[in-house]
Amino acid sequence: MTSPIELAPGCLWWQGWLSRDQQQALADDLRALLAEAPLFTPRMPRTGKPFSVRMSNCGPLGWVSDAAGYRYQPLHPETGRAWPPFPPVLLRAWGELAACPAPPEACLINWYGEGARMGLHQDRDEEEFGAPVLSLSLGDTAVFRIGGIKRTDPTRSIRLASGDALLLSGPSRLAFHGIDRILPGSSTLLKQPGRINLTLRRVHRADDAATGAL
Ligand code: SIN
Ligand code: MN
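All of the points below concern the structure found in this document. (Residues numbered from 1 in each chain as written. Chains lettered and ligands numbered in written order. Predicted model: local features only at pLDDT ≥ 70, side-chain atom pairs only at ≥ 80, totals over all residues. Heavy atoms only, no water.)

Things to note about the site of ligand 1
Inference 1: All residues adjacent to ligand 1 are Asn-110, Tyr-112, Met-118, His-121, Phe-144, His-177, Ile-179, Arg-195, Asn-197 and Arg-201.
Inference 2: In this structure, an oxygen atom belonging to ligand 1 sits 3.1 Å away from a side-chain N or O atom of His-121.
Inference 3: For ligand 1, an oxygen atom lies 2.9 Å from a polar atom in the side chain of Arg-195.
Inference 4: Coverage of ligand 1 by the protein amounts to 97% of the 260 Å² it exposes when considered alone.
Inference 5: In terms of residue count, strand S13 (residues 195-201) provides more of the shell around ligand 1 than any other element does, three residues in total. (Near = heavy atom within 4 Å. Polar contact = N/O pair within 3.5 Å; in protein donor to acceptor, adjacent residues only side chain to side chain. Areas by Shrake-Rupley, 256 points an atom, 1.4 Å probe, with all protein chains shown as cover. Helix = DSSP H or I, 4+ residues; strand = E, 2+ residues; numbered from the N terminus.)

Below, the structure written as structure tokens:
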């Protein structure tokens, strides 16, 4: 396995973790998955302003945002159907990179077309901050910005390319992060300019899952 670059304590970056063939296979899986769970346009709580990123999910839970707020839910907000299961390579990525014994419960699928971006934010809608967030990128390169756990902490930017994996864990689990811009045409993987980012998350505390099984 390629060894990761530690950008900050707990923030690990594996460049080219997925080979080109593995990226292609995952893109094919996602094409089928998105036919079942189509991309939707999330909206900001309260203001209702649309995100520039379109989203879907796979796994038992999915992250959604609309006028009622940010949350995880088991059903697609437009089709009302359960989210499709995780493609197996995502479970392999979690098993090899996340250092977390409990399985992921959600994978947010972000689609960035030309001009899409994502403002600096923390991932904090989960009950479990002990478990990491694991990201995989496909398609065009993104300028990814990462800071500290305070919004005002200094930030740096890196270029996340197709096949890269990035882990936010431990002291970096609540690091502010965002996407400044996409570099259109920087990858030939997808059939159109754009980028897919997948983030695997655990939502509930692992001991809740064990208790639920009793
Ligand atoms: C996210 O923070 O949900 C996505 C980050 C990315 O697109 O790399
Ligand atoms: Mn995030």
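Things to note about the side chain of His-177
Inference 1: Take His-177: it is sitting in strand S12 (residues 177-182).
Inference 2: With a relative accessible area of 8%, His-177 lands in the buried category.
Inference 3: Reaching out from His-177, the side chain makes a polar contact with the backbone oxygen of Ala-175 at a distance of 3.0 Å. (Buried < 20%, exposed > 50% of the residue type's maximum accessible area, 1.4 Å probe, protein only.)

Digging into the pattern of salt bridges
Inference 1: Counted according to the given criterion, the structure contains nine salt bridges.
Inference 2: Glu-96 is the salt-bridge partner of Arg-92, the closest N and O atoms lying 3.3 Å from each other. Pair noted here: Arg-92 and Glu-96 are both in helix H2 (residues 88-97), with a separation of four residues, about one helical turn.
Inference 3: Taking the relative accessible area as the measure of exposure, Arg-92 reaches 33% and is therefore partly exposed. (Salt bridge = Lys/Arg side-chain N within 4 Å of Asp/Glu carboxyl O.)

Remarks on the coordination of the manganese ion (ligand 2)
Inference 1: Protein-derived ligands of the manganese ion (ligand 2) are His-121 (NE2), Asp-123 (OD) and His-177 (NE2), with the metal-ligand distances lying across 2.2 Å.
Inference 2: In primary sequence terms, the donor set of the manganese ion (ligand 2) follows H-x1-D-x53-H. A residue pair is termed long-range when its members are at least 10 positions apart, and Asp-123 in the loop between strand S7 (118-121) and strand S8 (133-139) and His-177 in strand S12 qualify at 54 residues. With respect to burial, Asp-123 and His-177 carry one shared label: buried. (Donors = N, O, S within 2.8 Å, 3.2 Å for Na, K, Ca; no water.)

What about the environment of Gly-178?
Inference 1: One can find Gly-178 in strand S12.
Inference 2: Given the relative accessible area of 4%, Gly-178 is considered buried.
Inference 3: Separated by 60 residues in sequence, Gly-178 and Met-118 place their C-alpha atoms 5.2 Å apart.
Inference 4: In contact with Gly-178, not counting residues within four places along its chain, are Met-118, Gly-119, Leu-120, Val-143, Phe-144 and Arg-145. (Contact = heavy atoms within 4.5 Å.)

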